[in-house]
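The chain contents come next:
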Amino acid sequence: MPAWLNQLLPILLLLTAIAVVMRRLPKIDLGHSEEFRRRRFFNWFPLGLTYAFLYMGRYNLSANAPELGALHLVSKQEFGNIDGWGSAVYGVAFLLNGPLTDRWGGRATILLAAGGSALMNVLLGVAVRFAQEGQLDHSTAITAMTVLFCANMYFQSFGAVSIVKVNAPWFHVRERGMLGGIFGILISLGLYFAYDWSRFIAKHLPMPWVFHVPALLLLGFLALDVFLIRDTPGQAGFRDFDTADASSGDTGERSGAIDVARRMFSQRVIWIIVAIEFCSGFLRNAVMKWYLIFADKTGLKGFVSAHWGVLLCIAGILGGVFAGFISDHVFDSRRGPVASVLYAGLVFGAVIVLFTLSFPIAGWTVVFMSLCVIGVHGMLSGTASMDFGGRKNAGVATGIIDGFVYLGTATQSFLYGSILPSGDAAKHPGNWMSWPAAMLPVALVGFALATRVWNARPARRAAAR
């Protein structure tokens, strides 16, 4: 069996098993016809795969950070700075891109995300090639990569906003828990493409193709999305319906971004959710972006590091489906209890890693932590943003919530880039204690905050008079 198929097969089998189980679960009957469900699938599925390949074009840099370091192109601290600035741009860009998505529609902005990210990945590949050939000195190459990665992250920031904006009118609140699970699956597939496909590409093709291949895939899906994606059921020839979210009963004009933000931040629950997602952004990328560097520098390579992309994908799929199932079928479509359960797992995981850095169990524990944090992210950024923003203002709501995710990401990038060991000191696992030690208090804060939104639900707006 080819090596690529040997890695892909477990994911395909898992997705097949999940599909079978989901078909046998008790149905939440909202009166949708089979024709509507089929057309909805052909709306969210290509949209979701576009988002997955956006992930590939975002995490391909971190997936290949050890190889770029071995080629003396990007050091650990330089990677931390590039990633930190890019993450900061991603978080701040939501202030502009959320309102633009509400104004232009998610279909237009997912096309902009795919096209812009494709262009930036092409240029990143060119910069890497010029650096390898000596046509750019090291300082100029790092500056170019930083600027291009920041521009890539600007376009990438349209991705999550677009997927939530498009899906909000197509899914009732009672259906969105499992939709959050699907969101987690798409994130997981994107991580698999980034960490395993791009590393496979780096082994068999010149390094610039790590960036060129995602660009080609994004262009292909951009063309597909033009023909398939529609912003609302009405645009696809079906009847629009009341989704029972924060826009329910609101028949007036769409509110401006400032008004939406003011209204959202007047709710205590939104302040808590964005704080939780700041913690989620810190923890998700503390695990995903630094474990491979830890394994490479300490020499503690094994099954987990060799199959990192597959394991992240499987963990994320299981986390997303678990979160979606218990949200809709156990907690009556509430998101807070799900976040509480998964954050308890993150606290437990951080404690285990703190005491097992020199042992293989540390690798398996961070895989479990990935399961937990992807589940939280799917529930809050992918689902709660729809619930509390409503279908009319999903762009601004997602931008606010997901923006804090990437401010958390930027914080961990700058922090770890400066405090983690370098050179010979990085070879000793004991010198990496600051890695899990920084995660533990963040996980504890996230857990405490999640318990505060246990019963939170979106309030419907009164009909406009």
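Details of the structure are given in the entry above.
Caption draft 1: Here's a closer look at the overall build of the protein chain. The helix and strand inventory of the protein chain stands at 17 helices and zero strands. The proportion of buried residues among the 465 residues of the protein chain is 60%. The contacts of the protein chain with a sequence gap of at least 6 include a subset with a gap of at least 24, amounting to 87%.

Caption draft 2: Summary view of unusual backbone geometry. Despite not being glycine, His72 shows a phi value in the positive range, around 60 degrees. Judged by relative accessible area, His72 falls into the exposed class, the value being 67%.

Caption draft 3: Summary view of helix H4 (residues 76-104). Compared with the 42 Å implied by 1.5 Å per residue over 29 residues, the 39 Å span of H4 between its first and last C-alpha is a close match. At Phe94, H4 is deflected by roughly 45 degrees, the largest bend along its length. Backbone geometry just downstream of H4 places Gly105 in the positive-phi region, at approximately 95 degrees.

Caption draft 4: Seen up close, helix H6 (residues 138-167). Here H6 is 30 residues long and its end C-alpha atoms lie 44 Å apart, about the 44 Å a rise of 1.5 Å per residue gives. The sharpest bend along H6 measures roughly 25 degrees and falls at Val161. Most of H6 is tucked away, with 22 of its 30 residues classed as buried. Sitting at the head of H6, Asp137 places a side-chain oxygen 3.2 Å from the backbone nitrogen of Ser139.

Caption draft 5: View of the pattern of salt bridges. Applying the stated criterion across every chain, the model contains six salt bridges. Measuring nitrogen to oxygen at the nearest pair gives 3.7 Å for the salt bridge that ties Glu133 to Arg129. The class of Arg129 is partly exposed, set by a relative accessible area of 36%. The closest approach of N and O atoms between Asp424 and Lys427, which form a salt bridge, is 3.3 Å. Given a relative accessible area of 56%, Asp424 falls into the exposed group.

Caption draft 6: Spatial organisation of a nonpolar patch on the surface. Together, Leu205, Trp209, Leu216 and Leu219 line one region of the surface with nonpolar side chains, adding up to about 380 Å² of accessible area. Structurally, the position occupied by Leu216 is in helix H8 (residues 209-228). Look at Leu216 and you get exposed, because its relative accessible area is 54%.

Caption draft 7: Structural context of the packing of aromatic side chains. According to the stated counting rule, one finds 28 aromatic pairs in the structure shown. Ring centres of Tyr291 and Phe294 lie 6.2 Å apart, and the angle between their planes is 40 degrees; on these two criteria the pair is classed as tilted. Remark: Phe294 and Tyr291 occur in helix H11 (residues 291-298); sequence separation between them is three residues, near one turn of the helix. With relative accessibility at 5%, the residue Tyr291 sits in the buried group. Residue Phe294 is classed as buried on the basis of its relative accessible area, which comes to 2%. Aromatic side chains Phe294 and Trp432 sit 5.3 Å apart centroid to centroid with 75 degrees between the ring planes, which places their arrangement in the edge-to-face category.

Caption draft 8: Molecular detail of the nonpolar core. Residues Leu191, Tyr195, Leu283, Trp308, Tyr416, Trp435 and Met439 are the most contacted members of the largest nonpolar core, which totals 133 residues. Leaving out residues up to four positions away in the same chain, Trp308 has contacts with Tyr195, Asp196, Arg199, Val287, Met288, Tyr291, Leu292, Val366 and Val367.

Criteria and thresholds
Residues numbered from 1 in each chain as written. Predicted model: local features only at pLDDT ≥ 70, side-chain atom pairs only at ≥ 80, totals over all residues. Heavy atoms only, no water. Helix = DSSP H or I, 4+ residues; strand = E, 2+ residues; numbered from the N terminus. Buried < 20%, exposed > 50% of the residue type's maximum accessible area, 1.4 Å probe, protein only. Contact = heavy atoms within 4.5 Å. Expected span 1.5 Å × (residues − 1). Bend = angle between axes of the 7 residues up to and from the residue. Polar contact = N/O pair within 3.5 Å; in protein donor to acceptor, adjacent residues only side chain to side chain. Salt bridge = Lys/Arg side-chain N within 4 Å of Asp/Glu carboxyl O. Patch = residues over 30% accessible without salt bridge, like charges linked within 9 Å, V, L, I, M, F, W, Y side chains within 5 Å. Areas by Shrake-Rupley, 256 points an atom, 1.4 Å probe, with all protein chains shown as cover. Phe/Tyr/Trp six-rings, centres within 6.5 Å; stacked < 30°, edge-to-face > 60°. Core = buried A, V, L, I, M, F, W, Y, C linked by side-chain atoms within 4.5 Å.

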